[in-house]
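Structural overview for review
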Amino acid sequence: MSMADPLPSGLLEACVVVGPSNDKLMEVYEENGSPLPLLDPEVLQVHAPPFVTKGSVNEPGVGNISRIQRRFSFIKKKNDRHLANAGKAKEETTEDVSFPEDLDLVALPQLCFPGRIKTCQNTDMEEEVKEFSTKLALVPIPPPGQLHVMFTLRPVTIVLPSKEDKHHPVIDLDLHLPFLCFGSRELLQIISSILTEQRMVFFSSDWAKLTLIAECFMLYIRPLRWQHPLVPTLSRQMLDFVMAPTPFLMGCHLSHYEEVAMETDDLILINIDEGTVSSSNYHDVDLPEAPQTAAECFKRRRKGLQLHYDLEVLHQAICRDVSKLRMQRRCWQNKLNRDIQNVNLELIVNMFRDVADHLNYEHGVFNTDEFLKTREPGDQPFYKKVLETHIFQSFLKDRLDGKLDTFTRMEQSTRTEDQKRTVKEMALKNDRPDTDLNKRLGMSLPNLGGDTHPSVLRHMSPTKIIPEIPLNIPAEPVKMFKLIDFPTPLSYSHVCHYFGDLVLQLSIAISATPPHDSNLLARYYYLRGLVNMLNSKRLDALSDFQNLYKTDMEIFPEELVRVLVDSLQMEEKAQAERRSELRWLISKVKNNDKSEHVESQGCVKKFKLPKSPMQLEEFVKCTQESGIVLDVATIQRLFEALAVGEQKQIDPEMFRVFYTFWKETEAETQDLHLPDEVIEHLDSSECVYKLSNSVKTSYGVGKIAMTQKRLFLLTTGRPGYVEITKFRDIEEVKISAALFLLLRIPSLKIKNRLKKEIFEANLKSECELWNLMVKEMWAGRIMADNHKDPQYMEQALTNVLLMDAVVSCLQTPKPILALSKLAFYERLRHEAPLIIPKPTAETLKHKINPSQNMRSLQSVDVLLYTPGQLTFSADLDGNPKLWCALSCGKVVVFDAVSWSLLQNCIDLGDSQLNCMMGLDREQLWVGSQDSVIYIINTRSMLCHKQLTEHCGEVTDFALEKLSHGPSQAQVYSCSADGTVIVWDVPSLKVTRRVHLTCDRLQSIQVHDNLWCCARDCVMELRRNGCLLRKISLLEDVKTKASAFSRITLHMERKQIWTSFTDSAELCIFDSSDPTKPPKRVTLPDCCGVTCMISVKDQVWIGCSSGVTGLSKVVGKIFVLDSESLVVEKELEAHEDCVRTLFSAEDRYVLSGSARLDGKIAIWRVD
């Protein structure tokens, strides 16, 4: 039973007894023949929940075991069965039998006994089956994780393991059996046949082998899932099933091998007994071969497996304890199962490692042609078949949804340092406008502390694997929970007492578990909730499931809770309304019912070139799906360049030529191998993006090479390096005409401000193109240096590469006009030269764009800097990080050393995020407009906990270190409705709750006492919530401003800085006596203060300003001296208002802007 199934009845959903009917047995007995004849199986009994019902008071004997059974045969022909049922309609209506809808009783007897029943014994086991069924129905199923359930069915003790995670089934098979039956080549052929969705039939003389072997192979391909019929055992009467035209996996007795092989073509025949794989065709079989490099790694891994238990324990001393021997054998099998799963998972990972690099996450498009081009020629037949399968489509859908399964975890763990990316970062390559360009260029983002850059692999085979990485991943420790003995007798009252005792046992386990072990607590809460639900304690069950939000919401059973809420009685609903946590949970369930979650994509589409002329809208969509460019403005400029003349549409043939040239150029760039003598002159992050024909230059004959940083000459003959210029050093670029034999040959001249001589190259027909490309890169470099934003350089390079591709597909003799439409920065440099004020240029260190992988720019609502660790960590988590909350409800994470993106997206819903706070290097609290506090694990970058006690939007946090313990702390959170909650951090329990009467509580700070800022007042409170002092809006301020916006405490100078939403005035109160008239400061060219922080002896204030003249600057930052109250700096920060400020160790200040700009700026603190 899956966790998502509503209202589970325990371990057992139904018990079906299959065997010979009493009538048949009587006939055999009367005939007294020898040998005994073969008998047809029939369904004798069906037991389904409820196994124990509440009996009538007047009939005490009725309330024991429910007798829901019937005896009947399903062996008759279908038509005969309809006639028989019609004749017995009256009898059938008197029997009320309930069993799971997906249980097919018609085929079940034949599937259980495909070879018919050889021997039988007339034993009355009805009562034993009922008791067995009822006991199993009382066993709660543990949720995914490391908590197993143990119970006793005397004399046997049974361990019920849990799933490793919610995406992986429980493994209760000996997974090494196929490794004993087949060689490596045959194993790979079978796995390849499954992945390519062949029609397969397993054969064996032992019926038991068929199901075991088939199920093992289903587990081998995980997390991929077989999508077609799976019937491991076919009886003689069912052999015609193998004639089905669709893919399937079936099993037959070995005696039917010749019959099946002769009747049907194109079957893959797998003989388990002989360990062979063949085809039903008369000619040689053409079985799909697994990719060579992945197959070789699999074969090496297989040789390292110890598949024989006796050889494993041969050196150990003899143990006389049978229980210990069983446990030893079980531990060996579990370890071997894990090793085999890892070997097969590595095979799947090596087959499909870089699939995500060709998946466009934004549009749900997989570029099949480009993926196939990266495969080895010998592997392409396999991949061509796989790409057409339902299995692969489902796998792509999981990648598109960002599923964090075993494939993703191993794919990440086996990457090299330069390859490591999180699950969402797999989207970067195709979600960003310049594809492979950004993967390389993004590594060169400047470090605030120096010029060192991480290295990047210049070329790696797409099928390269890393066989040296060990796969002996240690299993997490398992906790065992032993159930109390089953009640005797199994009456309703005794079962209720049993559930009550089980709840008490789980409550004791919960009390004994330390608060920091939240994963184990979550499993106990889940089990207790399940038992309470089985015992009809619905409110207690909901309360237990509600606790999963604080411990591990990953195992929260949404469907189960939804059914549970719908089953509440009127009295229970009234009680739930009086409990705030249950009221929130019920409201959330109902809201989810009204707005059902919409799947991201029905299926993953294949990218196809257009077949008809495209207008602008279709062109934008097609270009984005192709993975060339994502930015709409750039695509519009590309459309203008390609749609020459009056015709404002793009011909499909033109787009095909453009697309082909773009991809060919990208492949040539990746395959370009430079001599070591040249590479040593380049930075580790540099790549050559454009190479000219061989031309004559003033530096000699050679090819001009362009990287993202410089131009250099690759000399002919013995390849050598001669630097022409770095883009930032260019002073002038122009075209001149050199006289040669009465002909004027155009040449390109580049003047370097650091050199006396002028570089000249006779580029002939390429001259105009290179002139425009060099000028665009020069302009991009100027913009990037002025704004301290490398994205300008990335965009300039994108424009240049688009120019190069456009030239190839335009038929006009003078394409320069079309190309000039793509030279965006060059045109901008001439039309509106940018002048950066000196204070801004000196203070600004760097800019980054957190919305770079999203469809549109987002507001930067909250910033948080978390310092790094000095000690080495196996998680490679030592660098400081910058956490950025965007207006779309997502959090992105940057490495604060290289300013490269670490985590593309942590999705926390659709609501705006208002505040963030880091705790103990492992937790990050995020307050949301939807009243929820989300807790992110900073190691896994996942959110598995939520605090739901607030009823209004959470607006701020404050952390207080407690003196009675080095790691003890409590957190204050406030919400807009005036509620302040105090949290115990280890247990996440509410220790105190205070409600303030105010107009929208906006912020809270701790300094001796609590300081709270609302729209209408600023309050000082004791820790218990008692009001000490209150600062209200001054009467003269009310005429200019409607509300307080921010408060900053500067207690070293006994100052309380206050600002207002729609006023340029600041009021600085004396903290020792707030009744004194405040000092006032008016900020120039300011419409209202949006954020304010204290840094050393300064106060940094972010605001929105009135735009005047040609200036695009809307967001400004004022830096004031806290003593003199003088404006020391006025920084032109962003093209939209400043939304947030944060201090990074008092060395830098980080600012984030609203949607129209959407950037983060890093400022140096004096």
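Scroll up to find the structure.
Just so it is clear, the model here is predicted, and its values are computed rather than measured.

Quick look at the overall build of the protein chain now. For the protein chain, the count of helices and strands is 35 helices and 48 strands. Here the protein chain, with 1166 residues, has 54% of them falling under the buried criterion. By sequence separation, contacts in the protein chain at least 24 residues apart represent 58% of the contacts at least 6 residues apart.

In the structure shown here, the tally under the stated rule is 35 aromatic pairs. Judged by centre distance (5.5 Å) and plane angle (55 degrees), the rings of Phe619 and Phe639 are tilted. With Phe619 in helix H26 (residues 616-626) and Phe639 in helix H27 (residues 632-642), this pair connects stretches of sequence that are 20 residues apart. What makes Phe619 buried here is its relative accessible area of 0%. Exposure remark for Phe639: the relative accessible area of 4% places this residue in the buried category. Taken together, Phe352, Phe366, Phe371, Phe382, Tyr383, Phe392, Phe395 and Phe407 form an aromatic cluster joined through their ring pairs. Arg637 extends its terminal NZ or CZ atom over the ring of Phe824, reaching a point 4.1 Å from the ring centre.

Before going further, it helps to spend a moment on the pairing of strand E23 (residues 881-886). Within E23, six of the six residues are buried, leaving the element largely enclosed by the surrounding structure. The alternating pattern of E23 places Lys881, Trp883 and Ala885 on one face and Leu882, Cys884 and Leu886 on the opposite face, and all of these are buried. In this structure, strand E22 (residues 860-866) lies alongside E23, joined through six bridges in antiparallel fashion. Bridge pairing in E23 links Leu863 to Cys884.

What follows deals with the sheet that holds strand E45 (residues 1127-1134). Across the sheet, four strands lie side by side as E42-E43-E44-E45; this open sheet has antiparallel pairing. Sheet topology places strand E42 (1088-1095) and E45 at the edges, where each strand pairs with a single neighbour. Averaged over all neighbouring strand pairs, the angle between strand axes comes to 20 degrees, with direction disregarded. Inspection of the sheet shows strand E44 (residues 1115-1121) paired to E45 by six bridges, in the antiparallel sense. Directly across from Ile1117, in E45, lies its bridge partner Leu1131.

Okay, the side chain of Thr264 next. Residue placement: Thr264 occurs in the loop between helix H9 (257-263) and strand E8 (268-271). The exposure class of Thr264 is buried, given its relative accessible area of 7%. Sequence-distant contacts of Thr264, defined by excluding residues within four places in its chain, comprise Arg199, Val242, Met243 and Ser280.

With six of seven residues buried, strand E3 (residues 147-153) lies mostly within the body of the structure. One ladder, built from four bridges, connects E3 with strand E12 (residues 479-482); its direction is parallel. Note on E12: the bridge partner recorded for His148 is Met480. Sheet topology note: the E3/strand E4 (residues 156-160) ladder contains five bridges and is antiparallel. The residue bridging Leu153 from the neighbouring strand is Val156, located in E4. A loop of two residues connects E3 with E4, the two strands running antiparallel in sequence.

Turning next to helix H10 (residues 292-303). For H10, built from 12 residues, the straight-helix expectation of 16 Å at 1.5 Å per residue is met to within 8% by its first-to-last C-alpha distance of 17 Å. Listing the buried residues of H10 in full gives Ala294, Ala295, Cys297, Phe298, Arg301 and Arg302. One side of H10 holds all its buried residues, which, seen down the axis, span an arc of 160 degrees. Across from the buried face of H10, at angles greater than 90 degrees, the exposed residues are Gln292 and Lys303.

Attention now moves to the sheet that holds strand E30 (residues 954-961). One open sheet holds the four strands; their spatial order is E30-E31-E32-E33, and the pairing between them is antiparallel. Both edges of this open sheet fall to E30 and strand E33 (989-995), since each of them pairs with a single strand only. Strand-to-strand twist of the sheet, defined as the mean angle between neighbouring strand axes without regard to direction, takes the value 20 degrees.

Another point: the nonpolar core. Grouped together as the largest cluster of nonpolar side chains are 72 residues, with contacts concentrated most on Phe545, Trp883 and Leu908. For this core, the element with the highest residue contribution is helix H20 (residues 518-534), accounting for 10 residues. Those residues within four positions of Phe545 in sequence are excluded, and the remaining contacts are Tyr526, Gly529, Leu530, Phe556, Pro557, Leu560, Val561 and Leu564. One finds Leu175, Ile191, Ile348 and Val355 within the second-largest nonpolar core, a separate group that totals 67 residues.

This paragraph deals with the pattern of salt bridges. In the structure shown here, the tally under the stated rule is 48 salt bridges. A salt bridge links Arg728 to Asp785; the shortest N-O distance between them is 2.9 Å. Taken together, the residues Arg728 in the loop between strand E17 (721-726) and strand E18 (730-740) and Asp785 in helix H30 (residues 767-787) connect sequence positions 57 residues apart. Its relative accessible area of 26% is what places Asp785 among the partly exposed residues.

At a minimum axis separation of 8 Å, H20 and helix H21 (residues 538-546) run at an interaxial angle of 165 degrees. The orientation of H20 relative to H21 falls into the category roughly antiparallel. The hand of the H20/H21 crossing is left-handed. Of H21, the residues touching H20 (which contributes Tyr525, Tyr526, Arg528, Gly529, Leu530, Asn532 and Met533) are Asp540, Ala541, Asp544 and Phe545. For the contact of H20 with H21, the residue count by class is six nonpolar, two polar and three charged.

Rules used throughout
Throughout this description, residue numbers start from 1 for each chain and increase along the sequence as written. Restriction of local features to residues with pLDDT of at least 70 applies here, the model being predicted, together with a cutoff of 80 or more for giving and counting side-chain atom pairs; totals for whole chains, interfaces and linings are based on all residues. The side-chain quantities take in all heavy atoms of the structure and omit both hydrogens and water. Only DSSP runs of H or I with at least four residues qualify as helices, and only runs of E with at least two residues qualify as strands; both kinds are numbered from the N terminus onward. Type-normalised accessible area, obtained with a 1.4 Å probe on protein chains alone, sets the label of each residue: buried when under 20%, exposed when over 50%, and partly exposed for intermediate values. What makes two residues a contact is simply this: any of their non-hydrogen atoms within 4.5 Å. Aromatic contacts are taken between Phe, Tyr and Trp rings whose centres are within 6.5 Å, Trp giving its six-membered ring; a plane angle under 30 degrees counts as stacked, one over 60 as edge-to-face, and the others as tilted. Working rule: Lys NZ or Arg CZ, within 6 Å of ring centre, within 35 degrees of ring normal, means a charge sits over the ring. Strands pair, by our definition, only if DSSP identifies at least two bridges between them. Axis lines are fitted through C-alpha atoms, for helices just across the contact stretch, and the angle between N-to-C directions can take any value from 0 to 180 degrees. Any helix carries an expected span of 1.5 Å times its number of residues minus one. It is the directions from the helix axis to the C-beta atoms whose arc is reported. Nonpolar core, defined: a set of buried Ala, Val, Leu, Ile, Met, Phe, Trp, Tyr and Cys residues in which side-chain atoms within 4.5 Å join the residues together. Put simply, a salt bridge is a Lys or Arg side-chain nitrogen that is within 4 Å of an Asp or Glu carboxyl oxygen. We call two directions roughly parallel when the angle between them is under 35 degrees, roughly antiparallel when it is over 145, roughly perpendicular when it lies between 65 and 115, and oblique otherwise. Rotating anticlockwise by less than a right angle from the far helix to the near helix defines a left-handed crossing, while the corresponding clockwise rotation defines a right-handed one. The residue classification treats Ala, Val, Leu, Ile, Met, Phe, Trp, Tyr, Cys and Pro as nonpolar and Asp, Glu, Lys and Arg as charged. All others, Gly included, are polar.

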